[in-house]
Amino acid sequence: MSGSAELPVNLPTAPTTVAELGIPETMIEDLLLQRLVLDGRSSVTRLADASALSVGIVDAAVDRLRQLLMLEIQGMEGRDYVLAPTEKGKQEATSRSLACSYAGAAPVSLDEYQRVVDGQRRRSKVTRQVLNAAFADMVIPDRFLDDLGPALVSTDALFLYGPPGTGKTSLAERLANMYGDVILVPRAVEADRQIISVFDPAIHDVVSPQPPGLDGRWVQCRRPCVIAGGELSEGQLELQRDPSTGIYRAPLQMKANNGIFVIDDFGRQRMSPEAILNRWIVPLSRQIDFLTMAHGGSITVPFDAKIVFSSNLRPESLGDEAFTRRIPNKVFVGSIDDLQFDQILALVCKAKGIACNQESADYLKGLIRQQTHAPLRPYYPADFVKTLVSICEYEDRPMILDRGAIDRVANIYFTQDLSDEGWETAAQSIAA
């Protein structure tokens, strides 16, 4: 994704001295030695690129490793030294890899990470116009946006609740669209002489191209939106050490810093709703989080994520009055009316190039109500159109949503209400 949104903090450039890095010098040497052993042979410039460090810092570390007889010079590439590990260096790298085998970009210090997260705290003004833009691809009534807006201005957690299929998850996914700026995410952070991997390509939406001159230990990204559903476990909210590499994986809320953290299907996790909510009392009130390392020590990391709970369970079923009072911002996401249904249907039909008129829209609404005996849900138009596209492709028929097409889709989409005799008749028909 490309973009030129303004960065909320000054663009960090690569440090030129070890003191400016703010991490232990021995950690730099370990990292470079591990990289060199992995590559077999390398150069000062290639080591600098791999570690996201300046050539000057790498050159000084190489001199130190040469004095310790860990590496040797095997020639020149232009004006650059070709380096290789000695047997002593290989043995040392193997020994040190038992504790940590990290060989990626050098980590930033925990203090530097704190400074950048603080400088990137959300400052965008939330207005109805901003929300209209954020949800431009959805049909959202103004009255709902006016309930949602103040809850998003607040630093407290947000609770979206309502029946299944009303679009709560889709709403939550788009909340990060409120922010038009970009942020910096560290590839890794050093804390208590341990390395914590933070940047996650599955979560962080990288802006391309990266700005020239940016410290390579940072990645410029859109503000993240991390979504965890019923599979959320307590371990995902804590540091997790990979025993094979010795590297810690940042918990989900740390990856969500300066963005949104959505806990979907709230109330269906293995953790109780009260336990999940208790986890956020200190972070939400003090904007810091306490994480425990494998050796028993703890570290304090910055916390700046908007927590959003989303559930199709009734709030009162999740806990007592004291429980619900601790989430002051509760926004109901209900069913849609006829006009909203027609608007959604028009949007999805236009996107797929399907012809549809008001008569067909009215027929579809009536059929859905007849089949479900329930209010309209916003997912029906997309589901019907998606199935229709498949049918039209299979039968080589025009892309038109008329009564015949609607009945054809409904025959596949809705389950048949069969008695025991009906099941037997259907089975015989299939066998024939």
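Refer to the preceding data block for the structure.
Nothing here was measured: the structure is a model prediction, and the numbers come from that model.

*Asks:* Explain the overall build of the protein chain to me, and be specific about the residues and the numbers.
*Replies:* Helix and strand counts for the protein chain stand at 19 helices and 17 strands. The C-alpha radius of gyration computed for the protein chain amounts to 28 Å, which surpasses the reference 22 Å derived for 432 residues by more than 25%, pointing to a less compact arrangement than a globule. In the protein chain, which comprises 432 residues, the share counted as buried stands at 46%. Contacts spanning at least 24 positions in sequence make up 72% of the contacts within the protein chain whose residues lie at least 6 apart. By element, 50% of the accessible surface of the protein chain is carried by carbon and sulfur atoms, the whole surface being about 21,400 Å². A distance of 3 Å separates the average location of the 44 positive side-chain charges in the protein chain from that of its 56 negative side-chain charges.

*Asks:* I'd love a proper account of the packing of aromatic side chains, names of residues and values included.
*Replies:* Scanning the entire structure with this criterion turns up 11 aromatic pairs. Taken together, a centroid distance of 4.6 Å and an interplanar angle of 40° make the contact between F266 and F309 tilted. Of this pair, F266 sits in the loop between β13 (259-263) and α11 (273-278) while F309 sits in strand β16 (residues 305-311), placing them 43 residues apart in sequence. F309 matches F266 in its accessibility class, with the two residues each being buried. One aromatic cluster is present, built from ring pairs that chain together F159, Y161, F266, F309 and F332. The ring of Y179 is capped by R223, whose NZ or CZ atom sits 5.4 Å from the centre of that ring. Sitting over the face of the ring of W280, R279 holds its NZ or CZ atom 5.4 Å from the ring centroid.

*Asks:* Could you give an account of the packing of helix α15 (residues 338-352) against helix α16 (residues 358-372), with specific residues and numbers?
*Replies:* It is at 11 Å that the axes of α15 and α16 come closest, and there the two elements cross at 120°. Taken together, α15 and α16 sit at an angle that is classed as oblique. The two elements α15 and α16 meet at a crossing, and its hand is right-handed. Contacts between α15 and α16 involve D338, F341, D342 and L345 from the first element and Q358, A361, L364, K365, I368 and R369 from the second. Of the residues assigned to the contact of α15 with α16, the class counts are 5 nonpolar, 1 polar and 4 charged.

*Asks:* Kindly report on the sheet that holds strand β2 (residues 71-77), identifying the contributing residues and their values.
*Replies:* A sheet is described by the order of its strands in space; here 3 strands give the open sequence β1-β3-β2, paired in antiparallel fashion. Strands at the two margins of the open sheet, each flanked by one partner only, are β1 (42-43) and β2. As paired elements, β2 and strand β3 (residues 80-85) share 6 bridges and run antiparallel to each other. Of the residues in β3, the one forming a bridge with G75 is V82.

*Asks:* Tell me about the sheet that holds strand β12 (residues 248-249), and please be specific about residues and values.
*Replies:* Pairing is mixed in the open sheet, where 5 strands are placed in the order β4-β7-β8-β12-β11. In the strand order of this sheet, the two ends are held by β4 (108-109) and β11 (240-241), each with one partner. One ladder, built from 2 bridges, connects β11 with β12; its direction is antiparallel. Residue pairing across strands places Q240 opposite R249, the latter belonging to β12.

*Asks:* How would you explain the pattern of salt bridges if you had to name every residue and give the values?
*Replies:* Scanning the model with the defined rule gives 24 salt bridges in all. Between D142 and R128 there is a salt bridge, with its nearest N and O atoms 3.2 Å apart. Here D142, found in helix α8 (residues 142-153), pairs with R128, found in helix α7 (residues 128-134); they are 14 residues apart in sequence, far enough to count as distant. Overall, D142 belongs to the partly exposed group, its relative accessible area being 35%. For R223, the salt bridge goes to D181, with nearest N and O atoms at 2.9 Å. Taken as a pair, R223 in the loop between β9 (218-222) and β10 (225-228) and D181 in the loop between α9 (168-173) and β6 (182-186) lie far apart in primary sequence, 42 residues in all. A residue is classified by how much of its surface remains accessible, and D181, at 16% relative accessible area, is buried.

*Asks:* Explain the nonpolar core to me, using residue names and the numbers behind them.
*Replies:* Nonpolar side chains tend toward joint burial in soluble globular proteins. Among the nonpolar cores identified, the biggest contains 28 residues, and I28, L32, L53, V58, V62, L83 and Y102 are the most heavily contacted of them. Secondary-structure elements contributing two or more residues to this core are α2 (25-39), α3 (44-51) and α4 (55-67). For this core, the element with the most residues is α2, which contributes 6 residues. Discounting residues that sit within four places of it in the chain, L53 has contacts with L21, I28, A48, V58 and A106. Within the second largest apolar cluster, 25 residues are counted, among which are V117, A191, L239 and A250.

*Asks:* Which residues make up a nonpolar patch on the surface, and what values do they have?
*Replies:* Residues I73, M76 and Y81 make up a contiguous nonpolar surface patch of roughly 270 Å² in combined accessible area. Looking at where I73 falls in the secondary structure, it is placed in strand β2.

*Asks:* Which residues make up unusual backbone geometry, and what are the values?
*Replies:* The linkage connecting S208 with the following residue, P209, adopts the cis geometry, with an omega of 0°. On the secondary structure map, P209 appears in the loop between β8 (194-197) and β9. One non-glycine residue with positive phi stands out, namely D265, at about 50°. Relative to the assigned elements, D265 resides in the loop between β13 and α11.

The rules behind each value
- Residues numbered from 1 in each chain as written.
- Predicted model: local features only at pLDDT ≥ 70, side-chain atom pairs only at ≥ 80, totals over all residues.
- Heavy atoms only, no water.
- Helix = DSSP H or I, 4+ residues; strand = E, 2+ residues; numbered from the N terminus.
- Rg over C-alpha atoms; globule rule 2.2 N^0.38 Å.
- Buried < 20%, exposed > 50% of the residue type's maximum accessible area, 1.4 Å probe, protein only.
- Contact = heavy atoms within 4.5 Å.
- Areas by Shrake-Rupley, 256 points an atom, 1.4 Å probe, with all protein chains shown as cover.
- Lys, Arg positive; Asp, Glu negative; His and termini not counted.
- Charge placed at Lys NZ, Arg CZ, Asp CG, Glu CD.
- Phe/Tyr/Trp six-rings, centres within 6.5 Å; stacked < 30°, edge-to-face > 60°.
- Lys NZ or Arg CZ within 6 Å of the ring centre and 35° of its normal.
- Axes fitted to C-alpha atoms, helices over the stretch in contact; angles between N-to-C directions.
- Parallel < 35°, antiparallel > 145°, perpendicular 65-115°, else oblique.
- Left-handed = near helix turned anticlockwise from the far one by under 90°.
- Nonpolar A, V, L, I, M, F, W, Y, C, P; charged D, E, K, R; others polar.
- Pairing = 2+ DSSP bridges.
- Salt bridge = Lys/Arg side-chain N within 4 Å of Asp/Glu carboxyl O.
- Core = buried A, V, L, I, M, F, W, Y, C linked by side-chain atoms within 4.5 Å.
- Patch = residues over 30% accessible without salt bridge, like charges linked within 9 Å, V, L, I, M, F, W, Y side chains within 5 Å.

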